[in-house]
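# Results of the structural survey
Below are the chains, spelled out letter by letter.
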Amino acid sequence: MITASPTLSVRDLSVSFGATGARLQALDRVSFDVARGEILALVGESGCGKSVTMMAILGLLPERVARIEAQRIQLGELDLRKATPKALRTVRGRRIGMIFQDPMTSLTPVHTVGFQIAEVMRAHQGLSRRAAQARALELLDLVRIPDPRRRLDAYPHELSGGMRQRVMIAIALACAPELLIADEPTTALDVTVQAQIMELIADLRREMGMSVVLITHDLGVVATTADRVAVMYAGRIVEEAPVADLFRNPSHGYTAGLIRSLPGGETERQTRLAEIPGNVPRFAAPPNACAFTERCAFALPGCATTRPPDEQISQAHRCACFNREAVAAALRDTPFVRAWV
Amino acid sequence: MLRYAATRLVAGVPTLVLVSVFIFSLIHITPGDPAILLAGDNATPAQVEAIRARLKLDLPLWQQFGLWFLDALRLDLGSSVYSGKPVTELIMQRIEPTLVLGLTTILLTILIAIPLGAYAAWRVNTFVDRLAMGFAVIGFSVPVFVIGYVLLYVFAVKWRLFPVQGYKPLSEGMFAALHSVTLPATALALVFAALIARVTRAAVLDVLGENYIRTTRAKGLSAPRILFIHALKSAGVPVVTVVGIGFATLIGGVVVTESVFNIPGIGRLTVDAITRRDYPVIQGVILFFSAALILINLLVDLTYALIDPRVRG
């Protein structure tokens, strides 16, 4: 599925916040590609920089406090680092669609959903009011909202959370973007609705041939939906691989911690789920260390003093961990990993 | 909606009754006697008594009120003690300048204050924001008559762009009328614009932090569209509330402004009536203002429903 020119290509993206002297590093040299038609999952705990990554790419971070540096942020042929604010605006909504975590508060309460869907097409494609409304109706049908004609005139507060997330998806897909960024799209929804929404996103990706970046902390969602995974910790990508490779051969101490905290992540009949001790550091660790060292079950003496380099385990699998053989060996016999082999 | 409006109008009637009782008591508690003023400097006590009897001021207070109230029910608010003209007729004669002045003021206020407040919120903590809010503080702290005299001095006396005082009725043309109320309306508008700009800024600032504003950015909408179509409309309820309150305070401002600029409106009528203790006119004018207020409150409530669908149903 991976072709020569990726939809989105990011190299060494760093973001820091705050005034000089007291700057806080939120992202530290993040690199990844999203191939055409692929779903890349960005996984990690809250605060690890998943959302900041996407906001930085879209130019949505407040200019006055965020400093963004990158070797490359390339959307197709367009260099997003050099794009003017106006050019970035036409990228947002037209070439990159975005859906967010909380559908209950993500729609303007005082406008109908039909208006809010039609608005994107009127802004980017210059459609007439009538044509945009007709397209909005088709889109509501596309995201499988029952009785779409009636919903067109509904206000957000008249719809359920799942419905509203479908409306958000309709807005994101209105201009048939080449990339969809879904930032924890199911976190605020019921479990049954979660599955429906993920299925919808996966189906639409196929139908429309777009790429998807799926930001999530749910490895279950990753396993069922994504093609490739990038695991993030404290502002860095610590491991990246196709889903099957990652789950067959987890190699970073943090990936191991995530898998162990799943049902079946340790033994067949555990009565209590394992957890990763401690909390995510608020911002990235000192530059000369692996940020996960303190919480890591596999930490070596060198982890606290040297930053582990990115190493290729296989062609598509890279990992920044000094003890990756031990990690892989320790997880080889867990039910979760065995299920993937 | 229509039913709701009708219910609210009917509910306003008891309010008006209470207001008239209150005003009636207040007028008669304050010192001063129209009969003495009317009779002139050299009147004998007998003459004064005669006048009192003619005006029925010798009756007990509750009887005076009862007589007035029964007439008021038939929309007869009595007659001026001085000119003898019916109060309703006096009000109708004076209503046009006040309406033109009031509406021009409100229009100016909204045109100045709402875009200013919204823009200040958009550029929060920048120079533009500080400048706008600095202006708001000045507008809010300086009394309307001071602003009125300053405007008069600069624009009417020095530069002769506008008349110093007076009012040209609409019958002499729309332009003439608007030209004659420009200065007083600006003086009044500056005061209310200050208040409304501050409230608009606060309300819009609140909304700009909402998730749905992030959505509008992700949609790639233009800044004016995000600010005015999404943020400002969502922040509409508190803004409309303050505009409504502004209308109410405007009545006080109109009275002062009409005196400063010598405009023959209801404000002037009120001031003249109070200085001459013209009881029926005072009573009628205040009743008229109360009815206007009730109507404004109703309009404000109906506007809520118009801008925010969550208020409906």
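Residues numbered from 1 in each chain as written. Chains lettered and ligands numbered in written order. Predicted model: local features only at pLDDT ≥ 70, side-chain atom pairs only at ≥ 80, totals over all residues. Heavy atoms only, no water.

With that settled, the discussion passes to helix α11 (residues 236–260) of chain B. Residues three or four positions apart in an α-helix share a direction because the helix packs 3.6 residues into each turn. All names here are of chain B. In this model, α11 (25 residues) spans 34 Å end to end at C-alpha, consistent with the 36 Å of a helix rising 1.5 Å per residue. Most pronounced at I251, the bend in α11 amounts to some 30 degrees. N262 sits one or two residues past α11 and shows a positive phi near 50 degrees. (Helix = DSSP H or I, 4+ residues; strand = E, 2+ residues; numbered from the N terminus. Expected span 1.5 Å × (residues − 1). Bend = angle between axes of the 7 residues up to and from the residue.)

In this section: the interface of chain A and chain B. On the chain B side, the residues contacting the 27 residues of chain A number 23 residues. Summing the contributions of chain A and of chain B, the shared interface buries around 2,200 Å²; its carbon and sulfur component is 58%. Three residues stand out in chain A for area buried against chain B, namely P109, V110 and E119 of chain A, and they jointly supply 25% of the buried area on that side. Summed over the shared surface of chain A and chain B, the number is 2 salt bridges. Linking E119 of chain A and K219 of chain B is a salt bridge whose minimum nitrogen-to-oxygen distance equals 2.8 Å. Here chain A is connected to chain B by 14 residue pairs in polar contact (both at pLDDT 80 or more). Counting residues per element, the side of chain A that touches chain B draws most heavily on helix α3 (residues 113–125) of chain A, which supplies 6 residues. Considering only residue class, the side of chain A that touches chain B consists of 14 nonpolar, 8 polar and 5 charged. (Contact = heavy atoms within 4.5 Å. Buried area = accessible area lost by both parts, 1.4 Å probe. Salt bridge = Lys/Arg side-chain N within 4 Å of Asp/Glu carboxyl O. Polar contact = N/O pair within 3.5 Å; in protein donor to acceptor, adjacent residues only side chain to side chain. Nonpolar A, V, L, I, M, F, W, Y, C, P; charged D, E, K, R; others polar.)

Mapped onto the secondary structure, T215 of chain B falls in helix α9 (residues 211–218). Excluding its chain neighbours within four sequence positions, the residues that come into contact with T215 of chain B are F100, S106 and M168 of chain A.

Looking now at the sheet that holds strand β11 (residues 236–242) of chain A. Residue and element names in this part refer to chain A. Strand order across the open sheet formed by 8 strands is β7-β8-β9-β3-β10-β11-β13-β12, with mixed pairing between neighbours. Only two strands of the sheet have a single neighbouring strand rather than two, namely β7 (96–99) and β12 (311–314). Across the sheet, the mean angle separating the axes of adjacent strands is 20 degrees when strand polarity is ignored. Where β11 and strand β13 (residues 317–319) come together, 2 bridges link them in antiparallel fashion. Each bridged residue has a counterpart across the sheet, and for E239 the counterpart in β13 is C319. In the packing of helix α1 (residues 50–58) onto the sheet, the strands contacted are β3 (39–43), β7, β8 (179–183), β9 (211–216) and β10 (228–233), and the crossing angle to β9 comes to about 140 degrees. Packed onto the sheet, helix α7 (residues 191–208) meets β3, β7, β8 and β9 and runs at close to 160 degrees relative to β9. (Pairing = 2+ DSSP bridges. Axes fitted to C-alpha atoms, helices over the stretch in contact; angles between N-to-C directions.)

With that settled, consider the pairing of strand β5 (residues 72–75) of chain A. All names here are of chain A. A one-sided burial pattern is seen for β5, the buried positions being I73 and L75 and the unburied ones R72 and Q74. For strand β1 (residues 8–17) and β5, the ladder comprises 4 bridges, and the chain directions are antiparallel. Counterpart to V10 in the pairing with β5 is I73. Sheet topology places β5 next to strand β6 (residues 78–79); 2 bridges connect them, and they run antiparallel. For L75, the partnering residue across the bridge sits in β6 and is L78. Joining the antiparallel neighbours β5 and β6 is a turn of 2 residues, in which G76 adopts a positive phi near 55 degrees. (Buried < 20%, exposed > 50% of the residue type's maximum accessible area, 1.4 Å probe, protein only.)

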